[in-house]
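# Examination of the molecular architecture
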Amino acid sequence: MRHRPAARDAKLVEQFSHVDALVAGLFDGVFSVEEVGRRGHLGLGCGDHMDGELVVLDGVFHLCHGDGTVSVLAADDTLAFAEVVDFGPVAAELVEAVDSIDALTAAVAERVVSPNLFHAVRFDAHFATLSLREAKRQTKPYLPLAEAVHDQRENTVTDVTGTLLGFVAPSVFQGISVAGPHFHFLDTTGTVGGHVLGIGGATGELAVETYPGVTVRLPTTPEFLGADLELGDVDGAIRHAESDHQR
Ligand SMILES: [Zn+2]
C-alpha cells in the first residue's frame, strides 16, 4: 500500500476538554491561553468558572462576560473549554440577507462536500439584529450546566458589525463538541460579544474550512478524574444550554 503522509498532516480541530464535562459542571479553568493559542488562532470556548463566552479572533482571546463587559485575556489566564483551528480558508464569499442561524448553517452546507466532517466558519458581516448570551461566572460548588445557565445574560443588539465565528460539527460528536452549529460573535469595536442565539438581516463575507477530525485534550485535575460523567440525557442538556431560556 502506498504511503500517504499528506493525509496524516491534515489540519484538525483542536479541542480542550469536552462539552460533557461542562454539562457535569466542571467549570474550572485548566488550560492556559498560551497552551490553547499554540494550537489555533480562531475559535471559541468559555472562561474559568464558566465566566463568559470566549472569542478567539486573529489569535487574540476575547472573553465576553456575563456583566456585559469584554476583556482580552493574558497568556496565563485559564479556560474551562476551548475549540480552535489554524484557520486558512481558500476564499470568502458574499452572503446576503441571512435571517437565522439555520440559514447561515445552510449557506455553510452549500459550500462544503459533506456534513460528516467538521467545518470552521468565519462570517464578517453587518447584522440588523443579533441575539447574544453570556454565561455568568459561577461559584463553587458548581451546579450542572442546565441549572447554571439560568442566570445567563441575554441581550439583543441591533445594527452591529463584527465577526461571527465557530463550528458546525457532525451530529455524532454531540457531547464531545456541540453537534451542528455553535457560533460566537465579537463586534468590530471589541466591546459587544457572546454566544449567538439568533441572527437577522445579516450580510457579509462567509469563509469556511473543512477539517477531517478533532483532537481532544482531557483535563487531568482531581475534579475531572473524580467526576461522574455517566450523565443520562446529555443531548437534552446541551440543547437546553445552547438555547435561550432566561428564568
Ligand atoms: Zn457557546
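So, here is what we can say about the structure in this document. Since the structure is predicted, the reported quantities are computational estimates derived from the model, not experimental observations. (Residues numbered from 1 in each chain as written. Predicted model: local features only at pLDDT ≥ 70, side-chain atom pairs only at ≥ 80, totals over all residues.)

### Focus: the overall build of the protein chain
In terms of helices and strands, the protein chain carries 7 helices and 13 strands. Taking 18 Å as the expected radius of gyration for a compact globule of 247 residues, we find that the protein chain reaches 17 Å, a close match to that expectation. For the C-alpha atoms alone, the extent of the protein chain along its principal axes is close to 55 × 45 × 35 Å. Taking as baseline every contact in the protein chain between residues at least 6 positions apart, the subset at least 24 positions apart corresponds to 77%. (Helix = DSSP H or I, 4+ residues; strand = E, 2+ residues; numbered from the N terminus. Rg over C-alpha atoms; globule rule 2.2 N^0.38 Å. Contact = placed C-beta atoms within 7 Å.)

### Here's the deal with the nonpolar core
Ranked by size, the top nonpolar core spans 65 residues in total, and within it Leu 54, Leu 79 and Val 121 carry the most contacts. Looking at this core, the element that brings in the most residues is strand β9 (residues 118-134), giving 8 residues. Not counting residues within four places of it along the chain, the set of residues in contact with Leu 54 comprises Leu 44, Gly 45, Cys 46, Gly 47, Phe 61, Leu 63, Leu 79 and Ala 82. (Core = buried A, V, L, I, M, F, W, Y, C linked by C-beta atoms within 7 Å. Buried ≥ 20, exposed ≤ 12 C-beta atoms within 10 Å, placed from the backbone.)

### Topic: helix α7 (residues 234-241)
If you check which residues of α7 are buried, you get Ala 237, Ile 238 and Ala 241. Down the axis, α7 shows its buried residues gathered within 95° of arc, on one side only. Buried residues along α7 sit in contact with α2 (19-23) and α5 (145-148). (Arc of directions from axis to C-beta.)

### Observations regarding the environment of His 18
Summarising the element assignment, His 18 is placed in the loop between β1 (13-16) and α2. Setting aside residues up to four positions removed in sequence, His 18 forms contacts with Gly 175, Ile 176 and Val 216.

### A few points about unusual backbone geometry
Note the cis peptide between Lys 140 and Pro 141, where omega equals 0°. Inspection of the secondary structure puts Pro 141 in the loop between β9 and α5. Despite not being glycine, Met 50 has its phi angle at roughly 60°, a positive value. Looking at the secondary structure, you find Met 50 in the loop between β3 (42-47) and β4 (53-57). Positive phi, close to 55°, is recorded for Asp 159, a residue that is not glycine. The topology assignment puts Asp 159 in strand β10 (residues 153-169). Taking the C-beta count within 10 Å as the criterion, Asp 159 has 10 such neighbours and is therefore assigned exposed.

### Regarding the pairing of β10
Of the pairings in the sheet, the one linking β9 to β10 comprises 15 bridges and is antiparallel in character. Considered in β10, the bridge of Ala 125 is made with Gly 162. Strand direction decides the pairing type here: β10 and strand β11 (residues 180-187), joined by 8 bridges, are antiparallel. What sits directly across from Val 168, in β11, is Pro 181. (Pairing = 2+ DSSP bridges.)

### A look at the environment of Thr 188
Relative to the helices and strands, Thr 188 resides in the loop between β11 and β12 (193-211). Its 12 C-beta neighbours within 10 Å are what place Thr 188 among the exposed residues. Separated by 127 residues in the primary sequence, Thr 188 and Phe 61 place their C-alpha atoms 14 Å from one another. Among residues more than four places away in sequence, those in contact with Thr 188 are Thr 161 and Gly 162.

### Some thoughts on the pairing of strand β7 (residues 78-85)
Counting buried positions over the 8 residues of β7 gives 7, a clear majority of the element. One ladder, built from 2 bridges, connects strand β2 (residues 31-32) with β7; its direction is antiparallel. The partner of Ser 32 across the bridge, within β7, is Thr 78. Two elements, β3 and β7, share 6 bridges in a ladder whose sense is antiparallel. Residue Gly 45 lies in a different strand from β7, and its bridge partner there is Ala 82.

### As for the environment of Ala 169
Along the polypeptide, Ala 169 turns up in strand β10. Take Ala 169: there are 25 C-beta atoms within 10 Å of it, and that puts it in the buried class. For Ala 169 and Glu 209, which are 40 residues apart along the polypeptide, the C-alpha to C-alpha distance reads 12 Å. Not counting the four nearest positions on each side in its chain, Ala 169 is found in contact with Phe 118, Ser 177, Val 178, Ala 179 and Gly 180.

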